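Spelled out from the first residue to the last, the chains are:
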Amino acid sequence: MIRLIDVYKEYENGTKALKGITTRIDDGEFVFLVGASGSGKSTMIRLITGEVAPTHGRLMVNGYNLNSIRQKQIPFMRRTLGVIFQDFRLIEKKTAAENLIFAMQAVDAPPRDIRKRVPYVLDLVGLSGKEQCLPSQMSGGEQQRVAIARALVNNPRMIIADEPTGNLDPERSLEIMLLLERINALGTTILVVTHEKELVDRFSKRVIAIDKGQLINDETGGYYKNETV
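The written sequence of each chain sets the order in which its residues are numbered from 1. Thresholds applied to this predicted model are a pLDDT of at least 70 for local features of residues and 80 or more for the giving and counting of side-chain atom pairs; totals over whole chains, interfaces and linings are not thresholded and use all residues. Think of the side-chain values as coming from all heavy atoms in the structure, minus any hydrogens and water.

K.L.:
How do you make sense of the sheet that holds strand β2 (residues 16-25) when you look at a structure like this?
P.N.:
Two orientations exist for strands paired in a sheet by backbone hydrogen bonds: parallel and antiparallel. Spatial strand order, β2-β1-β4-β5: 4 strands in an open sheet with antiparallel pairing. Every interior strand has two partners, whereas the edge strands, β2 and β5 (64-65), have only one. At least two bridges found by DSSP between two strands are what make those strands a pair. The secondary structure listing takes helices from DSSP runs of H or I that are at least 4 residues long and strands from runs of E that are at least 2 residues long, numbered from the N terminus.

This is the structure:
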């Protein structure tokens, strides 16, 4: 569960990125976070992942109090999250399987678990037969599927997809969203950060909209209502 209570974030240069955000995302939800460029979406994600700390307010992430979390606890908190990036961020010299193996080795997963989990997750995202392909040998949609598999491989409670379809054509974008919906149906919480109105409107999900650092809409089964876009 993610919970923000009257959260403010002001950077050292004086930028007031968030201004009193109060919201929560419960386990098992599928949520879109929308807003124009500069609305505060990226800051909200950086707060949730522990990259920055709130200036004021309370922030809870999967049982961790980020107002008082110790530095040595942050890596354990981050293990409850899987993050998918717009630019994939795959290791170019490693195959699809090796990218996942590397992610599991980073959290000291036992070799037996790695041998079982990697092929399962690659099959889940539709990449059976692509295990030994390098990123350069795959399409953009396939690379994004590897990125999703990597985010999923350590069995996080929540996946944060930060503009996951920004580099893909509409057909591939829809495929990625349907895949995330399927992963959500298996029990993983999904938070998709996007400015793509067409995708948000196509899915009847909860939509959290922020503008100029403030919450302007939070509606289940909603649509993209940020009037500044």
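K.L.:
Sorry, what's going on with the nonpolar core here?
P.N.:
Proteins that are soluble and globular tend to have nonpolar side chains buried together. Nonpolar core, defined: a set of buried Ala, Val, Leu, Ile, Met, Phe, Trp, Tyr and Cys residues in which side-chain atoms within 4.5 Å join the residues together. Any residue under 20% of the maximum accessible area for its type is buried, any over 50% is exposed, and the rest in between are partly exposed; the area is computed with a 1.4 Å probe on protein chains only. Core analysis: the biggest nonpolar cluster contains 45 residues, and Phe32 and Leu180 have the highest contact counts within it. Residues contacting Leu180, with those up to four places away along its chain left out, are Phe30, Ile84, Ile148, Ala161, Pro164, Ile190 and Val192. Formed by 26 residues, the second largest nonpolar core is a distinct cluster that contains Val7, Val31, Ile48 and Ile69. The contact definition used throughout considers only heavy atoms, calling two residues in contact when any of these lie within 4.5 Å.

K.L.:
Explain helix α4 (residues 111-124) here, please?
P.N.:
Given 3.6 residues per helical turn, the α-helix brings residues three or four places apart onto the same face. Across its 14 residues, α4 extends 20 Å between first and last C-alpha, which sits within 8% of the 20 Å expected from 1.5 Å per residue. Taken as a whole, α4 has its buried residues at Ile114, Arg117, Val118, Val121, Leu122 and Leu124. The inward-facing, buried residues of α4 contact α3 (96-105), α5 (140-152) and α6 (170-185). Phi for Gly126, located one or two positions after α4, is positive at around 80 degrees. Given the number of residues in a helix, its expected span is that number minus one, multiplied by 1.5 Å.

K.L.:
Could you clarify how one ought to interpret the side chain of Glu196 in this entry?
P.N.:
Examined against the element boundaries, Glu196 turns out to sit in the loop between β8 (189-194) and α7 (197-202). Arg202 provides the closest opposite charge to the buried, unpaired Glu196, separated from it by 11 Å. When residues no more than four places from it in sequence are discounted, the contact partners of Glu196 are Thr165, Gly166, Ser173 and Tyr224. Note on charges: Lys and Arg go in the positive column, Asp and Glu in the negative column, and His and the chain ends are not counted at all. Here, a salt bridge means any Lys or Arg side-chain nitrogen found within 4 Å of an Asp or Glu carboxyl oxygen.

K.L.:
What should I look at first to understand the packing of aromatic side chains in this one?
P.N.:
The relation between two aromatic rings is expressed through the spacing of the ring centres and the mutual angle of the planes. Side-chain rings of Phe, Tyr and Trp, where Trp is taken by its six-membered ring, are said to pair if the distance between their centres is within 6.5 Å; with planes under 30 degrees apart they count as stacked, over 60 as edge-to-face, and otherwise as tilted. Scanning the entire structure with this criterion turns up 1 aromatic pair. Note on geometry: a ring has a charge over it if NZ (lysine) or CZ (arginine) is within 6 Å of the ring centre and within 35 degrees of the ring normal. Looking at Arg89, its charged tip hangs above the ring of Phe85, at a distance of 3.8 Å from the centre. In this structure, Lys205 packs its charged tip against the face of Phe30, placed 4.9 Å from the ring centre.

K.L.:
I would appreciate a short explanation of the environment of Leu47 in the present structure.
P.N.:
On the secondary structure map, Leu47 appears in helix α1 (residues 41-48). Leave out the neighbours within four places in its chain, and Leu47 touches Val7, Lys9, Leu18, Val52, Ala53, Pro54, Leu59 and Leu66.

K.L.:
How do you make sense of the sheet that holds strand β6 (residues 81-85) when you look at a structure like this?
P.N.:
Spatial ordering of the open sheet is given by β6-β7-β8-β3-β9-β10, a layout of 6 strands whose pairing is mixed. Each edge of the sheet is formed by a strand with only one pairing partner; in this case those strands are β6 and β10 (214-219). When the angles between neighbouring strand axes are averaged without regard to direction, this sheet yields 15 degrees. Note that strand β3 (residues 30-34) and strand β9 (residues 206-211) share 4 bridges and pair parallel. By the bridge assignment for β9, Leu33 is matched with Ile208. Axis definition: a line fitted to C-alpha atoms, over the contacting stretch in the case of helices. Angles run 0 to 180 degrees between N-to-C directions.

K.L.:
Would you take a moment to explain the pairing of strand β4 (residues 56-61) for this structure?
P.N.:
The two faces of a sheet get side chains in turn, since along a regular strand they alternate between them. In this sheet, β4 lies alongside strand β1 (residues 2-10) in antiparallel orientation, the contact comprising 5 bridges. Bridged to Ile2 within β4 is Val61. In this structure, β4 lies alongside β5, joined through 2 bridges in antiparallel fashion. Note on β5: the bridge partner recorded for Val61 is Tyr64. Connecting the antiparallel pair β4 and β5 is a turn made up of 2 residues, with Asn62 showing a positive phi of about 50 degrees.

K.L.:
Mind showing me how you'd approach the pattern of salt bridges here?
P.N.:
Enumeration over the complete set of coordinates arrives at 12 salt bridges. Here Lys130 ties to Glu142 by a salt bridge, and the two come within 3.4 Å at their closest N and O atoms. In this pair, Lys130 is assigned in the loop between α4 and α5 and Glu142 in helix α5, connecting sequence segments 12 residues apart. The partner of Lys197 in a salt bridge is Asp201, and the shortest N-O contact between them spans 2.6 Å. Placement of the pair is Lys197 and Asp201 together in helix α7, with a separation of 4 residues, close to one helical turn. Several salt bridges share partner residues, and in doing so they unite Arg145, Glu171, Arg172 and Glu175 into one network.

Bear in mind that shape data such as this cannot, by itself, settle questions of function.
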